[in-house]
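Each chain, letter by letter, is given below.
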Amino acid sequence: MNTASVTVDLAAAPYSIRIAEGSLSEIGTLIGEHTMFSGKKVALVTDSNVGPIYLKTVQEALETAGFQVTPIMVPAGEASKCIEQLDSVCRQMLQAGLDRKSLLVALGGGVIGDLAGFAASIFQRGIPCVQVPTTIVSQVDSSVGGKTGINTPEGKNLLGAFHQPSLVVADTATLASLPEREFNEGFAEIIKHAAIRDEGLLSFVENRAEIRSHLVELMERNVSIKARVVEEDERETSGTRALLNFGHTIGHGIEAAGGYGRFLHGEAISLGLVAAARLSVSHAGLSQAECDRIIAALELYDLPTRLSDDISTESILEAMARDKKFEEGAIRFVLVSSLGQAHVSSSVTGDDIKQSIDRLRLSN
Ligand code: NAD
Ligand code: GLY
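Residues numbered from 1 in each chain as written. Chains lettered and ligands numbered in written order. Predicted model: local features only at pLDDT ≥ 70, side-chain atom pairs only at ≥ 80, totals over all residues. Heavy atoms only, no water.

A.B. asks: Just give me the short version of the sheet that holds strand β2 (residues 15-20), but keep the residues and values in it.
C.D. replies: Strand order in the open sheet made by the 7 strands is β1-β2-β9-β6-β5-β3-β4, with mixed pairing throughout. Here the strands that pair on one side only, and so sit at the sheet edges, are β1 (3-8) and β4 (68-74). Geometrically, the sheet is characterised by an average inter-axis angle of 15° between neighbouring strands, direction not taken into account. Relative to strand β6 (residues 129-133), strand β5 (residues 103-108) runs parallel, the two being bridged by 5 bridges. Residue pairing across strands places Gly108 opposite Pro133, the latter belonging to β6. Each of β2, β5, β6 and β9 (167-171) is contacted by helix α1 (residues 27-34), which is oriented at about 150° to β9, the strand it contacts most. (Pairing = 2+ DSSP bridges. Helix = DSSP H or I, 4+ residues; strand = E, 2+ residues; numbered from the N terminus. Axes fitted to C-alpha atoms, helices over the stretch in contact; angles between N-to-C directions. Contact = heavy atoms within 4.5 Å.)

A.B. asks: Which residues make up the packing of helix α9 (residues 248-257) against helix α10 (residues 265-284), and what values go with them?
C.D. replies: Running from N to C, α9 and α10 point in directions that differ by 140°, and their axes come no closer than 7 Å. In this view, α9 runs oblique relative to α10, as classed from their interaxial angle. Crossing handedness for the pair α9 and α10: right-handed. Mapping the contact onto sequence places His248, Ile250, Gly251, His252, Ile254 and Glu255 in α9 and His265, Ala268, Ile269, Leu271, Gly272, Ala275 and Leu279 in α10. (Parallel < 35°, antiparallel > 145°, perpendicular 65-115°, else oblique. Left-handed = near helix turned anticlockwise from the far one by under 90°.)

A.B. asks: Describe the side chain of Ser143, listing the residues and the values that go with them.
C.D. replies: Position of Ser143 relative to the elements: it lies in the loop between α5 (136-142) and β7 (147-152). Looking at Ser143, the relative accessible area reads 3%, which means it is buried. One polar contact links the side chain of Ser143 to the main-chain carbonyl oxygen of Ser138, over a distance of 2.7 Å. When neighbours within four sequence positions are excluded, Ser143 is seen to be in contact with Gln131, Pro133, Ser138, Pro165 and Val168. (Buried < 20%, exposed > 50% of the residue type's maximum accessible area, 1.4 Å probe, protein only. Polar contact = N/O pair within 3.5 Å; in protein donor to acceptor, adjacent residues only side chain to side chain.)

A.B. asks: Talk me through the pattern of salt bridges; I want residue IDs and the actual numbers.
C.D. replies: Evaluation of the coordinates by the stated rule reveals 22 salt bridges. One salt bridge in this structure joins Glu78 and Lys156, with 3.0 Å as the shortest N-O distance. In this pair, Glu78 sits in the loop between β4 and α3 (83-95) while Lys156 sits in strand β8 (residues 155-162), placing the two residues 78 residues apart along the sequence. By relative accessible area, which is 25% here, Glu78 ends up partly exposed. Measuring nitrogen to oxygen at the nearest pair gives 3.1 Å for the salt bridge that ties Arg208 to Glu180. Of the two residues, Arg208 is situated in the loop between α7 (199-206) and α8 (215-232) and Glu180 in helix α6 (residues 180-197); the sequence distance between them amounts to 28 residues. (Salt bridge = Lys/Arg side-chain N within 4 Å of Asp/Glu carboxyl O.)

A.B. asks: Give a description of the pairing of β5 that names residues and reports values.
C.D. replies: The element β5 is largely enclosed, with a buried count of 6 among its 6 residues. Side chains Leu103, Val105 and Leu107 of β5 all project onto a buried face; the interleaved residues Leu104, Ala106 and Gly108 project onto the opposite face, where all are buried too. Pairing between strand β3 (residues 41-47) and β5: 4 bridges, direction parallel. Bridging from a neighbouring strand, Val45 pairs with Ala106 of β5.

A.B. asks: I'd like a rundown of the environment of Val274, residues and numbers included.
C.D. replies: Take Val274: it is sitting in helix α10. In this structure Val274 comes out as buried when scored by relative accessible area, which is 0%. Among residues more than four places away in sequence, those in contact with Val274 are Ile295, Leu298, Thr305 and Leu360.

A.B. asks: Which residues make up the nonpolar core, and what values go with them?
C.D. replies: By size, the foremost hydrophobic cluster in this structure holds 75 residues, and its most contacted members are Phe187, Val205 and Leu218. It is α10 that provides the largest number of residues to this core, a total of 10 residues. When residues no more than four places from it in sequence are discounted, the contact partners of Val205 are Phe187, Ile190, Ile191, Ile211, Leu218, Leu300 and Tyr301. The next biggest cluster of nonpolar side chains, apart from the first, holds 22 residues, and it includes Ala61, Leu62, Val69 and Val105. (Core = buried A, V, L, I, M, F, W, Y, C linked by side-chain atoms within 4.5 Å.)

A.B. asks: Tell me what's going on with the packing of aromatic side chains, and back it up with residues and numbers.
C.D. replies: In the structure shown here, the tally under the stated rule is 3 aromatic pairs. Their ring planes at 45° and their centres at 5.6 Å tell us that Phe183 and Phe187 sit as a pair that is tilted. One end of the pair, Phe183, and the other, Phe187, are both in helix α6, 4 residues apart, so they sit about a helical turn from each other. The pair Phe183 / Phe187 is uniform in exposure class, with both members buried. Consider the rings of Phe187 and Tyr301, whose centres lie 3.9 Å apart with planes at 5°: the pair is stacked. Of the two residues, Phe187 sits in helix α6 while Tyr301 sits in the loop between α11 (288-300) and α12 (313-322), which places them 114 residues apart along the sequence. Clustering of aromatic rings is evident, with ring pairs tying together Phe183, Phe187 and Tyr301. Its guanidinium or amino end placed over the ring of Phe183, Arg212 lies 3.7 Å from that ring's centre, counting from NZ or CZ. (Phe/Tyr/Trp six-rings, centres within 6.5 Å; stacked < 30°, edge-to-face > 60°. Lys NZ or Arg CZ within 6 Å of the ring centre and 35° of its normal.)

A.B. asks: Would you mind going over the site of ligand 2 in detail, with residue names and values included?
C.D. replies: Surveying the vicinity of ligand 2 reveals the residues Asp141, Lys147, Lys226, Arg241 and Leu244. Take Asp141: an N or O atom from its side chain is 3.1 Å from a nitrogen atom of ligand 2. One of the side-chain nitrogen or oxygen atoms of Arg241 is found 2.8 Å away from an oxygen atom of ligand 2. In the complex, 85% of the free accessible area of ligand 2, which totals 200 Å², lies under the protein chains. (Near = heavy atom within 4 Å. Areas by Shrake-Rupley, 256 points an atom, 1.4 Å probe, with all protein chains shown as cover.)

Laid out in structure tokens, this is it:
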């Protein structure tokens, strides 16, 4: 089996990210080998798309290893990152007799990782969580680093907690059942990682024809970037972790202005990356050729790089003003000075952002 392992070396509790094709059926053994968990009861939380395909394999692997499993299914989609589903997951765990010695396994994409991870963080004041990501977004990004949470009508990810997983098991074989659009959207986060930390990763993804044959290496390179950033700045206090927000300031505004149904998360981030790359040319010395390379890589994965006129610049700016990334009204914008080199800048003004959104409507 082509296998990779990356450690997130946090002082409080280091943990492993195991990446392999076909590792879902090994999960019971992996929990025994890589976590300190010694209890028996496990909540296995998944969604209504992932459950019918992968729940049985994971449940059987856990039961074979001696765990008592309570499967919990929530409706697929971003709308499930809400207080009602959080309440439902926690109450199903209580009704099944899970307690503070239990474990939660989150099987699914970023929605399940964020929702179930948050449930684990508050259940009986916190129980361990194993993340089993099944999308590109969740395998390269959301399953690592401990950010968990839900949305409210006021905005995205406004309630949540840092709750690092005890183990991450990424089975690249699960990506075969992802619809093409969801497969492609994950490349926005991958191209972001390349832009801020690893130019070589950009060359790697530029070989699109071969990419599905190299998924374990692709995930390993990405989680290594994420792991190093999280080790440097676990709670996003020193500024290093904020670099992961490259493209997200404007991207989140576009996602919200589109009503969360119009764009997939990665599609909105793609547009945000284009705007941020162009602002990096004007404000941080990124060469036009490097900016064009970022945009071409996004297009290679059929990600949007132009915005249509039916979403107004004002609605995007209004959504951005509500985003918690705008600290007390100040704009802290991530720029890239050359591929692989990023920094947080306060030189980007509201007018610059407005112009960069307007420019997304032009053909080049
Ligand atoms: P998702 O979890 O909604 O998954 C996308 C779709 O694919 C869903 O319909 C899901 O049911 C389906 N699916 C998942 N795995 C599948 C598989 N293997 N085969 C077939 N279908 C499958 O979305 P996502 O893109 O994985 O994650 C987006 C979410 O992650 C957002 O809520 C975002 O805020 C969050 N996020 C969190 C972090 C973090 O650090 N915590 C980072 C990035 C994104
Ligand atoms: N996805 C951004 C972060 O984990 O900080």
